[in-house]
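Each chain, written out:
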Number of protein chains: 2
Amino acid sequence: MSLKSQHIPRATIQRLAVYVEVLENLKRDGSEVISSEHLARICAVNPSQIRKDLAYFGEFGVRGVGYYVQDLITSIKESLGINRVWNCALVGVGNLGRALLRHKFFKQRGFHIVGAFDCDPFKIGEVISGLEVVCSRRLKEKVQELNIEMGVITTPPERAQRAANYLVEAGVKGLVNFAPARITVPAGVYVEYVDFFHNFFAVAFNITLSEQISEE
Amino acid sequence: MSLKSQHIPRATIQRLAVYVEVLENLKRDGSEVISSEHLARICAVNPSQIRKDLAYFGEFGVRGVGYYVQDLITSIKESLGINRVWNCALVGVGNLGRALLRHKFFKQRGFHIVGAFDCDPFKIGEVISGLEVVCSRRLKEKVQELNIEMGVITTPPERAQRAANYLVEAGVKGLVNFAPARITVPAGVYVEYVDFFHNFFAVAFNITLSEQISEE
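Residues numbered from 1 in each chain as written. Chains lettered and ligands numbered in written order. Predicted model: local features only at pLDDT ≥ 70, side-chain atom pairs only at ≥ 80, totals over all residues. Heavy atoms only, no water.

### A few points about the overall build of chain A
In step 1: On a plain count of helices and strands, chain A comes out with nine helices and nine strands.
In step 2: The buried share among the 216 residues of chain A stands at 51%.
In step 3: Residue pairs in contact within chain A that sit at least 24 positions apart in sequence constitute 56% of those at least 6 positions apart.
In step 4: Accessible area for chain A stands at about 10100 Å²; split by element, carbon and sulfur atoms hold 49% of it.
In step 5: Of the side chains in chain A, 25 bear a positive and 23 a negative charge, and the two mean positions are spaced by 5 Å. (Helix = DSSP H or I, 4+ residues; strand = E, 2+ residues; numbered from the N terminus. Buried < 20%, exposed > 50% of the residue type's maximum accessible area, 1.4 Å probe, protein only. Contact = heavy atoms within 4.5 Å. Areas by Shrake-Rupley, 256 points an atom, 1.4 Å probe, with all protein chains shown as cover. Lys, Arg positive; Asp, Glu negative; His and termini not counted. Charge placed at Lys NZ, Arg CZ, Asp CG, Glu CD.)

Spelled out as structure tokens, the structure:
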């Protein structure tokens, strides 16, 4: 699979992540092949959508067979650059930060949180999941020492920009921001926002809508 | 604002959630009006996109002025059905469940987690953020007693379907599933999946892509 495709829509990346999850569950259950119709049904998308999403990376699927589960997992992971380990630094050891540090799926999926940082002197030195919390001012030194490429921001919103600044100055090229605040970064640094409130909004909206329809 | 619009794309709902976040931060900082260009810049979208998203709900903005911050917040919230309190039940008191129970933003945004459920006898009776963990078998009774409309699933993946079944049997009409597993629900129940791995995938992908381009 080539990564030379200039632009992959983020909705496609979102669906590719779902395909990987579903394929890995299928593999765990012993499936070796899956038809595009069956995969589409589990992922709740059209079979043509799956073919279109995979077409960004090349030709997949075998006529009359479908997809080889393991091959497809390998290909998607390779194409997304997630067929290797990514060392991450987490900044902000609050409730959410602690939960992520203890979340076993990060390691399983290749994202190793190897550094935990906070500026609160009461948190520095604390050990969470075998990781000692370090002062955020030492980010630069630690990023180099631990070969960290990605930053995870779990600070309160008002401290997200400062955390981003520390991470960018330390040389990190990509950030996943869980704090509910927009942040500014220089060109060449990539930011993803995790906002699960829009999922709550969508549920609220759909319940409201269905109640209105049933009242009509 | 009318909710009669039959289908609002989920990308629109996702962006509306960002607009609300940004507008609330602006309001906190004392802004009363904002131009669509300025709002667009902070949200990192095109001004025409904002106008298009808001057009689902009616006419907004004042020529030569822009948007009145408070009015726009009120209108978006009303249109999404989030101008009121939604009582939620959380099932699965692990690390992520605990972090969500302690997350102050839920209450601020109108999503009140009023029940915490787990089937682990060692967790039942524990009090987290003033909430006593209750056996999942008591969901039905509690959903009625506490007027719960929404379920939040934070179980391990293999227990997500069972949690969904309990919640649906109890009468909950919408679910936000944080467990990395697809779940099946009857028609009339709405499910949202929270999967922040796709954000990590997107960062990994974009770093990989930019490194490949710089090597060329």
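### Let's talk about the nonpolar core
In step 1: Membership of the largest hydrophobic core comes to 108 residues, with the highest contact counts inside it found for Leu23 and Phe111 of chain A together with Leu23 and Phe111 of chain B.
In step 2: When neighbours within four sequence positions are excluded, Phe111 of chain B is seen to be in contact with Phe197, Phe200, Phe201 and Ala204 of chain A together with Ile82, Trp86, Cys88, Phe106 and Met150 of chain B. (Core = buried A, V, L, I, M, F, W, Y, C linked by side-chain atoms within 4.5 Å.)

### Remarks on the environment of Ile13 of chain A
In step 1: You can see Ile13 of chain A is positioned in helix 1 (residues 10-28).
In step 2: Ile13 of chain A has contacts with Ile8 and Leu80 of chain A together with His198, Phe201, Ala202 and Phe205 of chain B, leaving out every residue within four places of it along the chain.

### Looking at the pairing of strand 6 (residues 131-135) of chain B
Two faces belong to every sheet, and in a regular strand the side chains alternate between them.
All names here are of chain B.
In step 1: The pairing of strand 4 (residues 111-118) with strand 6 spans three bridges and is parallel. Bridging from a neighbouring strand, Phe117 pairs with Val134 of strand 6.
In step 2: As judged from the two bridges shared by strand 5 (residues 127-128) and strand 6, these two strands associate in the antiparallel manner. Among the inter-strand pairings, Val127 is bridged to a residue of strand 6, identified as Glu132. (Pairing = 2+ DSSP bridges.)

### Some words on the side chain of Asn177 of chain A
In step 1: Checked against the element boundaries, Asn177 of chain A lands in strand 8 (residues 174-177).
In step 2: For Asn177 of chain A, a relative accessible area of 0% gives the class buried.

### Regarding the interface of chain B and chain A
In step 1: With 64 residues of chain B at the contact, the number on the chain A side is 64 residues.
In step 2: At the boundary of chain B with chain A, the tally comes to two salt bridges.
In step 3: The closest approach of N and O atoms between Glu21 of chain B and Arg182 of chain A, which form a salt bridge, is 3.4 Å.
In step 4: Applying the counting criterion to the chain B and chain A interface returns 12 residue pairs in polar contact (both at pLDDT 80 or more).
In step 5: Among the elements of the structure, helix 1 (10-28), helix 4 (69-80), helix 5 (95-101), helix 6 (104-108), strand 7 (150-153), strand 8 (174-177), strand 9 (190-193) and helix 9 (197-215) of chain B are those that each provide at least two residues to the side of chain B that touches chain A.
In step 6: Across the side of chain B that touches chain A, the residue classes tally to 38 nonpolar, 14 polar and 12 charged. (Salt bridge = Lys/Arg side-chain N within 4 Å of Asp/Glu carboxyl O. Polar contact = N/O pair within 3.5 Å; in protein donor to acceptor, adjacent residues only side chain to side chain. Nonpolar A, V, L, I, M, F, W, Y, C, P; charged D, E, K, R; others polar.)

### Observations regarding the side chain of Asn87 of chain B
Residue and element names in this part refer to chain B.
In step 1: In this fold, Asn87 is placed in strand 3 (residues 86-91).
In step 2: Asn87 sits in the buried class, given a relative accessible area of 16%.
In step 3: Among the polar contacts made by the side chain of Asn87, one reaches the main-chain carbonyl oxygen of Leu146 at a distance of 3.1 Å.
In step 4: Among residues more than four places away in sequence, those in contact with Asn87 are His112, Val114, Leu146, Asn147, Ile148, Glu149 and Met150.

### A short note on helix 2 (residues 36-43) of chain B
Residue and element names in this part refer to chain B.
In step 1: Among the residues making up helix 2, those that are buried are Ser36, Leu39, Ala40 and Cys43. Down the axis of helix 2, the sector holding all buried residues measures 100°, keeping them to one side.
In step 2: Buried residues belonging to helix 2 abut helix 1, strand 1 (33-34), helix 3 (47-55), strand 2 (67-68) and helix 4.
In step 3: Once helix 2 finishes, Ala44 follows within two positions and takes phi at roughly 60°, a positive value. (Arc of directions from axis to C-beta.)

### A word on the relation of the copies chain B and chain A
In step 1: With an RMSD of 0.0 Å, chain B superimposes on chain A once it is rotated by 180° and translated 0.0 Å along the axis. Both copies of the chain, as the preceding transformation shows, are related through a two-fold rotation axis. Scanning chain B for the C-alpha nearest the rotation axis identifies Ala99 of chain B, at a separation of 3.1 Å.
In step 2: Looking at the interface residues of chain B, 100% of them are also at the interface in chain A, so both copies use one shared face. (Least-squares fit on C-alpha atoms with pLDDT ≥ 70 in both.)

### Side note on the sheet that holds strand 7 (residues 150-153) of chain A
All names here are of chain A.
In step 1: Read across the sheet, seven strands follow the order 5-6-4-3-7-8-9 without closing on themselves; strand pairing throughout is mixed. Looking along the sheet, the strands with just one partner apiece sit at the ends: strand 5 (127-128) and strand 9 (190-193).
In step 2: Across the face of the sheet, helix 8 (residues 160-169) comes into contact with strand 3 (86-91), strand 7 and strand 8 while running at roughly 165° to strand 7. (Axes fitted to C-alpha atoms, helices over the stretch in contact; angles between N-to-C directions.)

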